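Okay, here's what each chain looks like letter by letter:
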Amino acid sequence: MPAPQLQLARDTHVYAEKDGYFWKVPVLDGFSFSQSNATTEVTLSEMAGANNSSRRGRKLFTDAFEPAEWNLQMYARPYDSTGPVVSGSTDEVLWSNFVNAGAYTHSSRSFAAGVDKTTSTAHMDIDFNSSNVAALETFNLYFVLGACGTAASAYNAGPGNPQTIYKVANAVCNSVSMDFDIDGILTLDWSGLGTLISEEAAMPVISPTWDTKIISDGIAHSEANFIRNRLTTLGVATAGPVAPFAETSYELTLTGGNISFENNITFLTPEELCVVNQPIGNVTGTRNISGSFTCYLNAGDTVSGAGTSADLFDDLASGTGVVTNSAALTFSIGGGSAPKVVVNIPTAHLEIPTHSIEDVISLEVNFHALPGDLDETNEATLEYHNS
């Protein structure tokens, strides 16, 4: 009888499979995947019978499997462009699903829409132009436990073997959060859903070899493509002076921030009796892009003559007659030089900043990215730069 094989979280490899190719996703500690079921309880409640007897039993029925849930964190790492073919970012496959980028073509390392790359500038653009759909295309997510130090082609799963492989089938990306605290590295927190979690005896058979179908270019340049949050800049521009803004721009030095992207996905599950129903597909909800940024309260003048953070508070707080305000936000996470990720939000509705009373008074500003019209998809665009 084989000895028990314990698995450690730190020995895990994660792969996302789309169109027959596998992206190796370098995750941080704290990933998770789970699935629960929905049950119905039937109980008895009756008065006393003969001899003070009363039935008190119950029955429990498993009605359905709830959608699988998964979560992982990874660093945002721009791809590296080498040779005649564009290499891939480690997180491009997740973005491609989030924005519904369509089919992947390996010969050009390109997606049908939404995720555009160029060889000349090591530059990847992400937009939401193809995301107004009722359901997202899906991918498969593999968590290979006990994989560190082992080539993918040598994974050996099953009882007593070194690896344990779990597959989240028909996965979709429901949300991603970009956190840029001042002392950290730009991190993406992904969460999503799937139809079913299963333990696999092995990874899929790949022809001709595994090495020809694994994409891990961004990982190979690990020292060059991490993004330092401390270098982040923010540009705030308005069409002003237009109420409530008295300035055409505001000069703010950030101390932190967050941008969240939400697909608000639900899964449909049948409700037949005498059957353990399983989720059959996803349905998208309202796309929601929002976030916040923090900065010190600056009541003085700026070198450029732009408005200060105190001016921004005063303008927003005094805009009592403005139903929807509009400012263009440009976050250059990582600074002016690559590697960096630039998030452009052309139409942001800003809430009144809140004061944080500490040794140095600061402001927190919540914002909501809005499309130009209800049927448009121009809330935001992202740019990955590696040179």
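First things first, this report covers the structure right here in the doc. Please read these numbers as outputs of a predicted model, since none were measured by experiment.

## Focus on the nonpolar core
When a protein is soluble and globular, its nonpolar side chains tend to lie buried together.
Next up, step 1: Among the nonpolar cores identified, the biggest contains 68 residues, and Trp190 and Phe331 are the most heavily contacted of them.
Next up, step 2: The contacts of Phe331, once residues within four sequence positions are left out, are Phe180, Thr233, Leu234, Leu254, Ile259, Phe293, Val341, Val342, Val343, Ile345 and Phe367.
Next up, step 3: By size, the runner-up hydrophobic cluster in this structure holds twelve residues, among which are Tyr142, Ala152, Tyr155 and Ile206.

## Some thoughts on the environment of Arg10
Next up, step 1: Within the element layout of this structure, Arg10 appears in the segment before strand S1 (13-18).
Next up, step 2: Spatially, the C-alpha atom of Arg10 lies 51 Å from that of Gly319, the residues being 309 residues apart in sequence.
Next up, step 3: Residues within four places of Arg10 in sequence aside, it is in contact with Asp29 and Cys148.

## Details of the packing of aromatic side chains
Next up, step 1: Across all of its chains, the model carries 23 aromatic pairs by this definition.
Next up, step 2: Measuring from ring centre to ring centre gives 4.7 Å for Trp23 and Tyr104, while their planes differ by 70 degrees; the resulting arrangement is edge-to-face. Of the two residues, Trp23 sits in strand S2 (residues 21-25) while Tyr104 sits in strand S7 (residues 104-105), which places them 81 residues apart along the sequence. In terms of burial, Trp23 and Tyr104 fall into one category: buried.

## Considering the side chain of Asn325
Next up, step 1: Mapping Asn325 onto the fold places it in the loop between helix H3 (309-318) and strand S22 (327-333).
Next up, step 2: Here the side chain of Asn325 touches Leu350 through a polar contact of 2.8 Å, landing on its backbone nitrogen.
Next up, step 3: Those residues in contact with Asn325, other than ones at most four positions away along the chain, are Pro244, Phe245, Leu316, Ala348, His349 and Leu350.

## A few points about the pairing of strand S23 (residues 340-350)
Next up, step 1: Burial runs high along S23: nine of the eleven residues are buried.
Next up, step 2: Where S22 and S23 come together, six bridges link them in antiparallel fashion. The residue bridging Leu329 from the neighbouring strand is Ile345, located in S23.
Next up, step 3: As judged from the three bridges shared by S23 and strand S25 (residues 362-369), these two strands associate in the antiparallel manner. Of the residues in S25, the one forming a bridge with His349 is His368.

## A closer look at unusual backbone geometry
Next up, step 1: Following Ala243, the chain continues to Pro244 via a peptide bond in cis, the omega torsion being 5 degrees.
Next up, step 2: Its place among the elements puts Pro244 in the loop between strand S16 (233-237) and strand S17 (249-252).
Next up, step 3: The residue Cys274 is not glycine, and still its phi comes out positive at about 65 degrees.
Next up, step 4: Here Cys274 shows up in the loop between strand S19 (266-268) and strand S20 (281-283).

Cut-offs applied
Residues numbered from 1 in each chain as written. Predicted model: local features only at pLDDT ≥ 70, side-chain atom pairs only at ≥ 80, totals over all residues. Heavy atoms only, no water. Core = buried A, V, L, I, M, F, W, Y, C linked by side-chain atoms within 4.5 Å. Buried < 20%, exposed > 50% of the residue type's maximum accessible area, 1.4 Å probe, protein only. Contact = heavy atoms within 4.5 Å. Helix = DSSP H or I, 4+ residues; strand = E, 2+ residues; numbered from the N terminus. Phe/Tyr/Trp six-rings, centres within 6.5 Å; stacked < 30°, edge-to-face > 60°. Polar contact = N/O pair within 3.5 Å; in protein donor to acceptor, adjacent residues only side chain to side chain. Pairing = 2+ DSSP bridges.

Purely geometric numbers; function is a separate question.
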